[in-house]
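Chain by chain, the residues run as shown.
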Protein chains: 4
Amino acid sequence: MSMNSFGRIFRFTTWGESHGPAIGAVVDGCPPGLAISEEALQPFLDARKPGQNKFTTQRREADLVKILSGVFEGKTTGTPISLMIENTDQRSKDYSEVAKAYRPGHADYAYDAKYGFRDYRGGGRSSARETASRVAAGAVARLVIPEVTIMAYVSEIGGDAIDPANFDAGEIANNPFFCPDAAAARRWEALVDNARKDGSSLGAVVECVATGVPAGWGAPLYAKLDADLAAGMMGINAVKGVEIGEGFNAARLRGEENADPMRPGADGTEFLANHAGGIAGGISTGQPVVVRIAFKPTSSILIPQPTITRSGEATELATKGRHDPCVGIRGVPVVEAMMALVLADHKMLHRAQCS
Amino acid sequence: MSMNSFGRIFRFTTWGESHGPAIGAVVDGCPPGLAISEEALQPFLDARKPGQNKFTTQRREADLVKILSGVFEGKTTGTPISLMIENTDQRSKDYSEVAKAYRPGHADYAYDAKYGFRDYRGGGRSSARETASRVAAGAVARLVIPEVTIMAYVSEIGGDAIDPANFDAGEIANNPFFCPDAAAARRWEALVDNARKDGSSLGAVVECVATGVPAGWGAPLYAKLDADLAAGMMGINAVKGVEIGEGFNAARLRGEENADPMRPGADGTEFLANHAGGIAGGISTGQPVVVRIAFKPTSSILIPQPTITRSGEATELATKGRHDPCVGIRGVPVVEAMMALVLADHKMLHRAQCS
Amino acid sequence: MSMNSFGRIFRFTTWGESHGPAIGAVVDGCPPGLAISEEALQPFLDARKPGQNKFTTQRREADLVKILSGVFEGKTTGTPISLMIENTDQRSKDYSEVAKAYRPGHADYAYDAKYGFRDYRGGGRSSARETASRVAAGAVARLVIPEVTIMAYVSEIGGDAIDPANFDAGEIANNPFFCPDAAAARRWEALVDNARKDGSSLGAVVECVATGVPAGWGAPLYAKLDADLAAGMMGINAVKGVEIGEGFNAARLRGEENADPMRPGADGTEFLANHAGGIAGGISTGQPVVVRIAFKPTSSILIPQPTITRSGEATELATKGRHDPCVGIRGVPVVEAMMALVLADHKMLHRAQCS
Amino acid sequence: MSMNSFGRIFRFTTWGESHGPAIGAVVDGCPPGLAISEEALQPFLDARKPGQNKFTTQRREADLVKILSGVFEGKTTGTPISLMIENTDQRSKDYSEVAKAYRPGHADYAYDAKYGFRDYRGGGRSSARETASRVAAGAVARLVIPEVTIMAYVSEIGGDAIDPANFDAGEIANNPFFCPDAAAARRWEALVDNARKDGSSLGAVVECVATGVPAGWGAPLYAKLDADLAAGMMGINAVKGVEIGEGFNAARLRGEENADPMRPGADGTEFLANHAGGIAGGISTGQPVVVRIAFKPTSSILIPQPTITRSGEATELATKGRHDPCVGIRGVPVVEAMMALVLADHKMLHRAQCS
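Keep in mind the model is a prediction, meaning the values are calculated, not measured.

Caption draft 1: Region of the structure containing the interface of chain B and chain C. Taken together, the contacts link 42 residues of chain B with 42 residues of chain C. For the chain B and chain C pair, buried surface summed over both sides reaches about 3,300 Å², with 68% attributable to carbon and sulfur atoms. Summed over the three residues of chain B that lose the most area to chain C, namely Trp 15, Phe 72 and Phe 117 of chain B, the buried surface amounts to 20% of that side. For the interface between chain B and chain C, the tally reads zero salt bridges.

Here it is in structure tokens:
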């Protein structure tokens, strides 16, 4: 029931605020005997790390992950794995104005309404900084599902989509946008840079594909694989929509257009389409699991917006400080992490009931 | 952790198969002292009931809900409320073909892959018949949140959307499509009827708006109100996408376009827009909570599709039996129920921590 | 988190009141493919059934268990198993006095304090009648752990203990007390009968031994096998104490007296003692799991006790109606059921993490 | 479901091994706005701290608790409170022998059976060092229940019990045994010292009384207050038995002897006895909650015991290193912490459902 935990058997709990001494995650339920090290986890943190180019926030964090428990002689022991990332580049002075007034689009107002007060420094607990903890936990989750390959990428920024004909997975690591279409990546440079210079921000769509998921993961009816993915993805900062497979487009298709017929194949069942995104009745079918996630434009913009103060008076606020002009970009490693976390959990859940 | 339960404090568990003797739900955690009766729950079941017109399945079920526990002298006692709905119109002979081959788009193949065998009669546990249990549980949830008004409707069928200018909440109950646009409802009659005659099916989009939700419900970071709504909605049969507020469209807006500025109002804070759909940082803001859900076209169609038998041989299957030509229509009461269930749970969770 | 569920993966939820139309349990997480039938479950219900002799309550219930879901063609399907037992011998008139005043030692006062009112008929939800649901769920649990043999018996009534020298497992089914010592069983006849005639009641101690539990079940630190057993047993009506292995006696031993030394044996590790009761560090050791449970004397007695009315006035109450003179006796099948339920859950939990 | 978490709404997760860099707890669900500081938590850690006299282990740990999150300007924010205690006095060389053979009575053998290997240094995760995390979490829990006073003490060591006539709560802090009977404390000095000199160890009984708990906490049937206390206490290292109120003695009483009659009192209901230990039907009655816990003698003793090596060969092992001659003594602050943790959780759970 805990509010800061996710997962059923492979379960993690995160803690920490943007401007506290550290953030972290406790991963519980990891199988024993898996080879693990801080070095193996770090690249995933690095992929999400801020301050790497002008298209992301200029906050500079080393984001070094430390393993505090659950590992012995280079292997997981089956006991909780405590992961800690120290905050090193907090600049709390940047946020003094936020203490007094609510940033539109941010959680400031809602947190105050709920808790009566809030840690306003950098958004406190509601900061996307928390996603570093998920990425660390997700790096552990990957160890549990070596049979699965997870690939996420940005498919659209500010309404400018990639061209499927240009799709090249090898391009994803070649540009600062996790973009699989080299031409789109070039266009996005100008697009994002202009938004940044305007003091504005852009939304994005991220796609994530997991291949190698065997048929049978996911437990109907309230531990459905797609429902858990929806919860996991919708809970990422700035996410406003989640689709599985054909998604909203399925609502515009006829039954025969959306069908995923089957035939006998060389390696077992062969599907003739994957409108379902690899999940039927909440259970994986053996096809690639496909999820699409909508990120809103970063709420922190330099263009002033009307808002109110904590005492209810009218004011205007332009959010200074260091921000991502398109928060969806750095969402890519987070989306991958959530995919890994959900799949690891379901692999274990399936094993519990059906092995 | 149980796989057939949903919710944290206000929690329900469903059971039952399409062609078993009955289906049901156990609602746990309901506050004591609420006035309740079978008569008060029944109208919600009736709204979802099949066989009411030619646009829904011709299976005829009375769908009478019985209260077996948790109620004394017309009031909830705080103990589990067991709700049962007997199945009365099973026609198992309709499904004999399904026993041998997998219906494309259905959960048949995935269930077999997971469990090794399945109750194939009417889809067994994977049948949308289970949603009657959710609707019954949702009717109880409504008692917990009298301050909230929930309204869902179909906003789009087969790509034909309502015109917001024609929106009239009073129309929703006036047509078999839960359509708030009288003109669209007339168009949809032909649209759905043609699909039915073609042996095909159509997808739909359902919108759900909850007004009266106070600011402060939802618990970051892994009990976010939007994440729970996403899980709840994505878990409904045939759902492939969920959006909160602006949803995927937010990905195409700039920061200033997507902002929800605030100003002091007569009754407290006044928001100048609701792109967020009433949720920020996973917590309600006091604005209407807005969710949009994509239903795929019913997978059961009369148009034959290639598929395989249980033993892996090629065959073709046209799904006979009684089916909804557009399953999204009857999704409306289910969506409302899930909204009520999530909100009731979060009201109680908020009260636990912040009262 | 639900309050009427127990277990982590193999999880059951019970519902129902003593004088409602029925009681029941929903068992979630059961592995698929296990042979099951109502006939196979019924003997466990029969063992607990009231009205079988003068040493138990004279309420007569057939306690016929019905399977409403989760089973197809004689096998579990992996979906929730709904079990229902109809109440047939309620006599609500017996309890009219209880509506007005609180029975000392019963939950009446506490329920009213918590919920503001209560279903007073036969104790409502707090009645030991609920244990029939656990016994039914436990009968399903046994199917999950065929490698385990569970044996419970009464080892002491009213302070009169069995003589270990007389222990004969074959005797347990030969007397109405589940007593493994024929001589003690004869003494208890008079003991219990006299208490009954006096309008009084007696406490009892029940022991439960599970053999065949392999080493490795139980998950430290907050899913320890012994902690779960303690919760499961302490939650049975009238239970006031739980011991594992040597229990309270261990507090009186020195380290070397309480040691369980090991040596190589023919079939692997051989323990030279079992003071630990088969559990170390919360994990099974492969030795028999031994639990001892204290049942208080039935609170319902004919000897009048001072108490107060709902409105707070002084009165006296003698609990008429039909009651067990020694509720611990009928606790035996319930204790066995809880042992099975905890072990089934831990077998599956272990398989999830360590297979 | 997580295996290293405890509680339902006020929920904590612990992590860490005896000889890792640190141990800690994440407390989730704490209400916002409670005054908190490291200084306020530290005294509870100090009460449990080892190395304070010759009756406890000579391992010296400062046990300084650090708050890493969830607190802002001296108050809880409602977000997870991460507590960390660094290990500073590990001496891993002491445990080299343990790597090869299993210590009888310890979790070594069971951990290996479960996980395939283990962190053998100081018992790793199974070390009682973990209880420092619970004590830290418990210190937070106390903030949630200011109306409750918790007092635990040792009532018996090695079979030598306190004399109730000598009970003086003021004595508990005056001796190294948390003993409320000055005369018994003097006897225990010799008793424990002799056991220590013999290389042996002693068991103990701890009693814990919580006063100020209002009627109504605890949620039947599977979130009973007594069942949760039983789970919490049985899960403490070395505990083998738990009693509520009269406990096992209730099994030896007749109904009228064990009754807790009521009468109208000056401040509402007055109970004439408290055999129930303040809990009826799983719900608090408003009387003091009384729990009694049996600790076995420390398994680590200098007297050699037969055991086996990891490869299954016979050997002998005397556990050197630094150990408590009577682990029950230092169990007192842990028992108090668990009581606070269970009560804080149930206060919040009650508020959720019944406010």
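Having put the structure on the table, let's press on.
Caption draft 2: Just the state of the cysteines, in detail. Residue and element names in this part refer to chain B. With the rule as written, the count across this model stands at zero disulfides over all chains. This cysteine, Cys 208, is not joined by any disulfide, and Cys 179 carries the nearest cysteine sulfur, 16 Å off. Among the residues examined, Cys 208 registers a relative accessible area of 0% and is labelled buried. The thiol of Cys 326 is unpaired, and the distance to the nearest cysteine sulfur, on Cys 179, comes to 11 Å.

Caption draft 3: Representation of the relation of the copies chain B and chain C within the structure. Laying chain B over chain C is done by rotating through 180° and shifting 0.0 Å along the axis; what remains is an RMSD of 0.0 Å. Read as a symmetry element, the transformation amounts to a two-fold axis. Here 100% of the interface residues in chain B have copies in chain C that are interface residues too; the copies meet face to matching face.

Caption draft 4: Fine view of the packing of aromatic side chains. The full count for this structure, using the stated rule, is 38 aromatic pairs over all chains. Between the aromatic rings of Phe 6 of chain A and Tyr 222 of chain B, the centroid separation amounts to 6.0 Å while the plane-to-plane angle is 55°, which identifies the pairing as tilted. Within this pair, whereas Phe 6 of chain A is found in strand β1 (residues 5-6), its partner Tyr 222 of chain B is found in the loop between β10 (204-211) and α5 (225-234), the two belonging to separate chains. Comparing Phe 6 of chain A with Tyr 222 of chain B, the two get one shared label, buried. Here a set of aromatic residues connected by ring pairs shows up, and it is made of Phe 6 and Phe 12 of chain A together with Tyr 222 of chain B. The ring of Tyr 115 of chain A is capped by Lys 114 of chain A, whose NZ or CZ atom sits 5.8 Å from the centre of that ring.

Caption draft 5: View of the sheet that holds strand β2 (residues 11-16) of chain A. All names here are of chain A. Sheet architecture is open: five strands sit in the order β1-β2-β3-β7-β4, paired in antiparallel fashion. Both edges of this open sheet fall to β1 and β4 (65-67), since each of them pairs with a single strand only. As defined by bridge partners, β2 adjoins strand β3 (residues 22-28) across six bridges and the pair is classed as antiparallel. For Thr 13, the partnering residue across the bridge sits in β3 and is Val 26.

Caption draft 6: Layout of the UniProt feature "binding site: NADP(+)" (unreviewed entry) in chain A. Residues and elements named next belong to chain A. Here the UniProt feature "binding site: NADP(+)" (unreviewed entry) sits at Arg 48 and Lys 54. Note on placement: Arg 48 falls in helix α1 (residues 38-48). Arg 48 gets classed as buried once you look at its relative accessible area, which sits at 2%. Residues within four places of Arg 48 in sequence aside, it is in contact with Asp 63, Ala 128, Arg 129, Thr 131, Ala 132, Val 135, Arg 330, Pro 333 and Val 334. Along the chain, Lys 54 falls in the loop between α1 and β4. Judged by relative accessible area, Lys 54 falls into the partly exposed class, the value being 42%. Non-local contacts of Lys 54, meaning those with residues more than four positions away in its chain, are made with Asp 193, Arg 196 and Pro 325.

Caption draft 7: The arrangement of the sheet that holds strand β11 (residues 239-244) of chain C in detail. Read across the sheet, 10 strands follow the order β9(C)-β8(C)-β10(C)-β16(C)-β11(C)-β11(D)-β16(D)-β10(D)-β8(D)-β9(D) without closing on themselves; strand pairing throughout is antiparallel. Both edges of this open sheet fall to β9 (160-161) of chain C together with β9 (160-161) of chain D, since each of them pairs with a single strand only. Across seven bridges, the pairing between strand β10 (residues 204-211) of chain C and strand β16 (residues 289-295) of chain C is antiparallel. By the bridge assignment for β16 of chain C, Ala 210 of chain C is matched with Val 289 of chain C.

Caption draft 8: The arrangement of the relation of the copies chain B and chain A in detail. Note on the identical chains: chain B maps onto chain A by a rotation of 180° and an axial translation of 0.0 Å, with an RMSD of 0.0 Å. Counting the interface residues of chain B, we find that 100% of their copies in chain A are interface residues as well, pointing to one common contact surface.

Caption draft 9: Representation of the interface of chain B and chain A in the model. Each partner contributes to the interface: chain B provides 104 residues, whereas chain A provides 104 residues. Three residues stand out in chain B for area buried against chain A, namely Lys 114, Tyr 222 and Lys 240 of chain B, and they jointly supply 11% of the buried area on that side. At the surface where chain B touches chain A, the tally comes to four salt bridges. Notably, a salt bridge pairs Glu 156 of chain A with Arg 252 of chain B, separated by 2.5 Å at the nearest N-O pair.

Caption draft 10: Summary view of the pattern of salt bridges. Applying the stated criterion across every chain yields a total of 92 salt bridges over all chains. Put simply, Asp 63 of chain D and Arg 48 of chain D hold a salt bridge, and the shortest N to O gap is 3.4 Å. Taken as a pair, Asp 63 of chain D in the loop between α1 (38-48) and β4 (65-67) and Arg 48 of chain D in helix α1 lie far apart in primary sequence, 15 residues in all. Taking the shortest distance from any N to any O, the salt bridge between Arg 129 of chain D and Asp 63 of chain D comes out at 2.7 Å. In this pair, Arg 129 of chain D sits in the loop between α2 (108-115) and α3 (131-144) while Asp 63 of chain D sits in the loop between α1 and β4, placing the two residues 66 residues apart along the sequence. Both residues of the pair, Arg 129 of chain D and Asp 63 of chain D, belong to the buried class. Ionic contacts of the salt-bridge type, sharing partners, join the residues Arg 103, Asp 108, Asp 112, Arg 118 and Arg 310 of chain A into one network.

Caption draft 11: Highlighting the pairing of β2 of chain A. Residues and elements named next belong to chain A. Of all six residues making up β2, six are buried, and the element is well covered by its neighbours. Here β2 shows two buried faces, one formed by Arg 11, Thr 13 and Trp 15 and the other by Phe 12, Thr 14 and Gly 16. As paired strands, β1 and β2 are joined by two bridges and run antiparallel to one another. From the neighbouring strand, Ser 5 faces β2, where its bridge partner is Thr 13.

Caption draft 12: Highlighting the side chain of Glu 156 of chain B. Its place among the elements puts Glu 156 of chain B in strand β8 (residues 149-157). Judged by relative accessible area, which is 10%, Glu 156 of chain B ranks as buried. A distance of 2.5 Å separates polar atoms of two side chains, one belonging to Glu 156 of chain B and the other to Arg 252 of chain A. Among all residues touching Glu 156 of chain B, those that are not within four sequence positions of it are Arg 252 of chain A together with Ala 161, Trp 188, Gly 203, Ala 204 and Val 205 of chain B.

Parameters at a glance
Residues numbered from 1 in each chain as written. Chains lettered and ligands numbered in written order. Predicted model: local features only at pLDDT ≥ 70, side-chain atom pairs only at ≥ 80, totals over all residues. Heavy atoms only, no water. Contact = heavy atoms within 4.5 Å. Buried area = accessible area lost by both parts, 1.4 Å probe. Salt bridge = Lys/Arg side-chain N within 4 Å of Asp/Glu carboxyl O. Disulfide = S-S within 2.5 Å. Buried < 20%, exposed > 50% of the residue type's maximum accessible area, 1.4 Å probe, protein only. Least-squares fit on C-alpha atoms with pLDDT ≥ 70 in both. Phe/Tyr/Trp six-rings, centres within 6.5 Å; stacked < 30°, edge-to-face > 60°. Helix = DSSP H or I, 4+ residues; strand = E, 2+ residues; numbered from the N terminus. Lys NZ or Arg CZ within 6 Å of the ring centre and 35° of its normal. Pairing = 2+ DSSP bridges. UniProt positions renumbered as here; feature names shortened; annotations may be inferred. Polar contact = N/O pair within 3.5 Å; in protein donor to acceptor, adjacent residues only side chain to side chain.

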